[in-house]
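# Chains, contacts and geometry: an overview
Residues per chain are reported as follows:
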Amino acid sequence: MEISQQAGWCKKPASPMNTRAALEAVRNTAWTIVLLTSAAVMGASGISRVSANLGHSTVMTCPNRTNISMVTWKINPKTGHQCTLAYLIDKDSTGKNSCSDRINWRSRPDWDQALEIQQVGKADEGNYTCEVVNADGNFHYLYHLTVLVAPRMALYCDDHGNPVCEAETVKPAAEISWVPESNSTPRADSHGNGTVTVVSRFAARSTNGKNPTCIVSHATLNETRSINCSSRISSLSSAATKESTAYIEK
C-alpha cells in the first residue's frame with residue numbers, strides 16, 4: 001500500500017529547535033493579547049465628566065503609574081483643532097502642538113502629569129485624554145469637560161403689576177422658584193446662540209404682606225431677589241382713574 005508524502009511528513013518527529021520556536025511564538029502572541037486586552041479594558045472604563053466655571057481654572061489628572069516612559073494629553077474640543085501635549089521621560093523633553101498658552105502642564109511633568117486650563121472658555125468644552133506608557137502597556141484616562149456659565153438674572157414688574165423673573169444661561173437651564181410659592185409654570189426659550197432663557201411670572205392669591213422673592217438655582221449660582229409691585233399696581237390704578245375722570249368730564 002502506497003503511503004502519501006503528506007502522511008509521511010506528519011509522522012516525522014518535530015525537532016527541538018522547531019518546538020522552541022513554536023513555544024516562543026505562542027508566548028509572544030500571549031503577551032500581545034494581554035497588552036491589547038489591558039488597553040481595551042482601560043479604554044472601556046468610561047469617561048469621567050468634569051465641569052468648570054467660565055473664566056476660572058480647572059485641573060485634570062493622570063492616575064500615577066510606575067516606570068513611565070511617555071505621557072501624552074490629547075485634547076479634542078467641540079470646536080477648533082486638536083491640541084496635544086507630550087512628555088518623554090528618557091529625554092526629559094516636552095512637546096506642544098496647537099495648544100494655547102492657557103493650556104499647559106500644572107507643574108513639572110516629570111513628577112506631576114496633571115493638565116491645567118486657565119481662564120476656561122466655552123471653546124474648551126470637549127474630550128480630554130491622558131495616555132500613559134510604561135512597561136505594562138498603554139493606559140488611557142478620558143475626561144469630558146463642560147463649561148458652566150452663571151445665569152443672568154432679571155426681576156421686574158410687568159404692565160399688569162405682576163412680578164416676573166428671568167434667568168438666561170447656557171445649558172443646563174436654570175431653575176426658578178418663588179417665595180411665597182407660586183402656581184405658575186416657568187417657560188424655557190432656547191436661542192440660536194446656545195443660551196436658554198427661563199421666564200416665570202409670579203401668580204399667587206396672597207403674599208401675606210410680604211414681597212415676592214424669586215430664587216434662581218443653577219450649578220454656578222444660587223441667587224434670590226425680592227420685588228414690590230404694589231406701587232406699580234397703585235400707579236396703574238391711579239392712572240386708570242384719571243383717564244376715566246377725564247373722559248367723563250368731556
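All of these numbers come straight from a predicted model, not from anything done at the bench. Each chain carries its own residue numbering, running from 1 in the written order of its sequence. The model is predicted, so local features are restricted to residues of pLDDT at least 70 and side-chain atom pairs to those at 80 or more, both for listing and for counting; the totals for chains, interfaces and linings are taken over all residues. Values shown for side chains rest on all heavy atoms present in the structure; no hydrogens or waters enter the calculation.

Runs of H or I in DSSP of at least four residues are treated as helices and runs of E of at least two as strands, each being numbered from the N terminus. Along the chain, the regular secondary structure elements total 3 helices and 16 strands. Buried, partly exposed and exposed residues are distinguished by accessible area as a fraction of the type maximum, computed with a 1.4 Å probe on protein chains only: under 20%, between the cut-offs, and over 50%, respectively. The burial tally for the chain puts 30% of its 250 residues in the buried class. For the chain, restricting intrachain contacts to residue pairs at least 6 apart in sequence, the fraction spanning at least 24 positions comes to 55%. The protein chains shown are the only cover counted for residues, whose accessible areas, like all others here, come from Shrake-Rupley with a 1.4 Å probe. Carbon and sulfur atoms make up 52% of the accessible area of the chain, which totals about 16300 Å². Only heavy atoms enter the contact rule, under which two residues are in contact if any of them lie within 4.5 Å.

If you walk across this open sheet you meet the 4 strands as 10-11-14-13, and the pairing is antiparallel. In this open sheet, the two edge strands, each paired with only one partner strand, are strand 10 (152-157) and strand 13 (187-190). In this sheet, adjacent strand axes meet at a mean angle of 20° when their direction is disregarded. At least two DSSP bridges between two strands are needed for those strands to be called paired. Of the strand pairs in this sheet, strand 10 and strand 11 (residues 163-170) are connected by 6 bridges, and their pairing is antiparallel. An axis is simply a line fitted to the C-alpha atoms; with a helix, the fit covers only the stretch in contact. Between two such axes, the angle follows the N-to-C directions and lies from 0 to 180 degrees.

Here we come to the pairing of strand 15 (residues 213-218). For a regular strand, side chains alternate in direction, first toward one face of the sheet and then toward the other. Pairing analysis gives 5 bridges linking strand 12 (residues 175-179) to strand 15, with the strands arranged antiparallel. Looking at strand 15, one finds that Val-179 is bridged to Thr-213. Where strand 15 and strand 16 (residues 221-226) come together, 6 bridges link them in antiparallel fashion. Following the sheet pairing, Ser-217 is matched in strand 16 by Asn-222.

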